[in-house]
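# Survey of secondary and tertiary structure
Chain by chain, the residues:
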Amino acid sequence: MSLTLHFHPLASFCWKALIALYENDIPFTPNKVDLVNPTERAALLKLWPIGKFPVLSDDALKQIVPESSIIIEYLDQHYPGLTRFIAADPELARETRLRDRFYDLYVHLPMQRIMLDRLRPAGKKDPQGVEEASAQLRTSYAMIEEQMSAGTWAMGEAFSLADCAAAPPLFYGNMVVPFGGYKNVSAYFERLKARPSFARVMKEAQPYFGMVPKEGS
């Protein structure tokens, strides 16, 4: 197989890329990277000096592709399947990219801020940062609640890049700031969980769930 995904099965941005790979049954070799392991970290840094995953390497086309959104667009271009993640229509494509950015910046990043704070030792916590991130998540949930008042998926009736972006942070976001009374958000998340591509990602990550930091840890 020419494609290798360098990832960790618990990392939310890696989930985003995995959803796209599984959605279209694209063959690839998974390479689990432990950033604590100096050898594995060095290998990742050689591919992408920023040192973050996921990173996709394509031996056939001799390409190294970092960043989850870019990976998905790359797959759409070079390894297309039944699910097209970016619409051909330029206006719809722009709206899809906007929704992708929304989930990455205003759901994913604040969720991660809260999760990472749980890993900080006593005396190093950032309660103000957590409060700000929680407020951002609630604002984002309210916007998603309105967005999902009609339509099955983030962009309507077609599964897209935006849904790949939505599933991971909603999974972890519900752990740090529960959806509560946002019924449309909850219903959308249930549809995401039932999607075979995302269900597979969650099943493969399940053995690692004990590593997810809990509140008060």
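Scope of this entry: the structure provided in the associated data block. Because the structure is a prediction, the values reported are computed rather than measured. (Residues numbered from 1 in each chain as written. Predicted model: local features only at pLDDT ≥ 70, side-chain atom pairs only at ≥ 80, totals over all residues. Heavy atoms only, no water.)

### Re the nonpolar core
- The biggest cluster of nonpolar side chains holds 64 residues, and the ones touching the most others in it are Leu5, Tyr103, Ile144, Leu170, Tyr188, Leu192 and Phe198.
- The dominant element in this core, judged by the number of residues it contributes, is helix H6 (residues 161–176), at 10 residues.
- Setting aside chain neighbours within four positions, we find Tyr103 in contact with His108, Ile144, Gln147, Ala162, Ala165, Ala166, Pro169, Leu170 and Tyr188. (Core = buried A, V, L, I, M, F, W, Y, C linked by side-chain atoms within 4.5 Å. Buried < 20%, exposed > 50% of the residue type's maximum accessible area, 1.4 Å probe, protein only. Helix = DSSP H or I, 4+ residues; strand = E, 2+ residues; numbered from the N terminus. Contact = heavy atoms within 4.5 Å.)

### So, the layout of surface pockets
- The volume enclosed by the largest pocket comes to roughly 1100 Å³.
- Lining the largest pocket we find 33 residues, and of these Ala11, Ser12, Phe53, Gln112 and Leu116 sit closest to its centre.
- Secondary structure elements with two or more residues in the lining of the largest pocket: helix H1 (12–23), helix H3 (68–78) and helix H4 (90–118).
- Here the element with the most residues in the lining of the largest pocket is H4; it accounts for eight residues.
- Of the residues that constitute the lining of the largest pocket, the class distribution is 21 nonpolar, six polar and six charged. (1 Å grid on protein atoms, 1.4 Å probe; cavity = no way out; pocket = protein on both sides within 12 Å on 5 of 7 lines; lining within 4 Å. Points joined across faces, edges and corners; volume = space filled by probe spheres on them. Nonpolar A, V, L, I, M, F, W, Y, C, P; charged D, E, K, R; others polar.)

### A look at the environment of Ile71
- Turning to its location among the elements, Ile71 is positioned in helix H3.
- Between the alpha carbons of Ile71 and Leu137 there is a distance of 25 Å; along the sequence they are 66 residues apart.
- For Ile71, the residues in contact, after removing those within four places along its chain, are Leu5, Ala17, Pro54, Val55, Leu56, Val65 and Pro66.

### Things to note about the pairing of strand S4 (residues 63–66)
- Relative to S4, strand S3 (residues 55–58) runs antiparallel, the two being bridged by four bridges. Pairing of Asp58 across the sheet is with Gln63, part of S4.
- Between the end of S3 and the start of S4, which pair antiparallel, lie four residues, with Lys62 showing a positive phi angle near 55°. (Pairing = 2+ DSSP bridges.)

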